[in-house]
Amino acid sequence: MDDFFVGAAAAGTVGRGTTRQPVICAVSRGGRGGPGTCALRVVPDAAGGAYSRFAEEHVGVLSHVRADMWQGVTAGLRGWPGLDQRPFDASDPASSLALVHHVISDFKAYALGTFHGLSRARPQGVCDEFSWRYCHRGPAPASALAADVAAAPHVPRVCFVNLSFHKTASVRFTRQREDSSRTSVALAPILSSPTTPRA
């Protein structure tokens, strides 16, 4: 578990104490039952009260919570049975919180690449979208609808395409007349005998 800040790339104060938007992130390692999950919550600050509310909503009471030595974590999770705070050590993945920092980096790249930045009006929506995608990642479809869409045949919308395969067959796409509801595309395989090469 750790907190981070998002905002403009302009020069200024960075880290805790900045005026940028703070976000708390928690990541589970997963196990035999699945690939692990994450939760991100936009908070007013990174103080103990925000950490306490976040843990009550997103962290199991019996969870082993690994965090840095930030006083907000100490105050917010005081008395938490599984709290494990360690000083930062870059050589130790557990002490450097490598997993949660990897997810934070992925979130920032996702927000910048997909949404071209975060809106101040609804940043929690982007956090929820990323969390859902992270929790449902993997080769299996996230839902029955996604499975149906993935299995549905895709016919490209083209006017006319003529393709040749090994000089023995060609496929022609013919676009028929459009009506008010849809455009139908007819796929007609045409087989022909081998042709002699041109001189």
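(A) Spotlight on the overall build of the protein. Helix and strand counts for the protein come out as 5 helices and 8 strands. From first element to last, N terminus to C terminus, the protein shows the α and β order β-β-β-α-β-α-β-α-α-α-β-β-β. Residues counted as buried form 29% of the 199 residues belonging to the protein. Taking the contacts inside the protein whose residues are at least 6 apart along the sequence as the reference set, 36% of them involve residues at least 24 apart. In the form shown here, the protein has an accessible surface area of approximately 13400 Å², with 57% of it arising from carbon and sulfur atoms.

(B) Broad picture of the state of the cysteines. Scanning all chains against the criterion turns up 0 disulfides. Here Cys-135 stays unpaired: no disulfide links it, and the sulfur of Cys-38, its closest cysteine neighbor, is 4.9 Å away.

(C) Representation of helix H4 (residues 123-135). Here H4 contains 13 residues, and its C-alpha end-to-end distance of 19 Å stays within 8% of the 18 Å for a straight helix at 1.5 Å per residue. Restricting attention to buried positions, one finds in H4 the residues Pro-123, Gln-124, Val-126, Cys-127, Phe-130, Ser-131 and Tyr-134. What you see down the axis of H4 is that its buried residues fit within an arc of 155°, all on one side. At its buried positions, H4 is contacted by strand S2 (21-27), strand S3 (38-42) and helix H3 (98-114).

What counts as what
Residues numbered from 1 in each chain as written. Predicted model: local features only at pLDDT ≥ 70, side-chain atom pairs only at ≥ 80, totals over all residues. Heavy atoms only, no water. Helix = DSSP H or I, 4+ residues; strand = E, 2+ residues; numbered from the N terminus. Buried < 20%, exposed > 50% of the residue type's maximum accessible area, 1.4 Å probe, protein only. Contact = heavy atoms within 4.5 Å. Areas by Shrake-Rupley, 256 points an atom, 1.4 Å probe, with all protein chains shown as cover. Disulfide = S-S within 2.5 Å. Expected span 1.5 Å × (residues − 1). Arc of directions from axis to C-beta.

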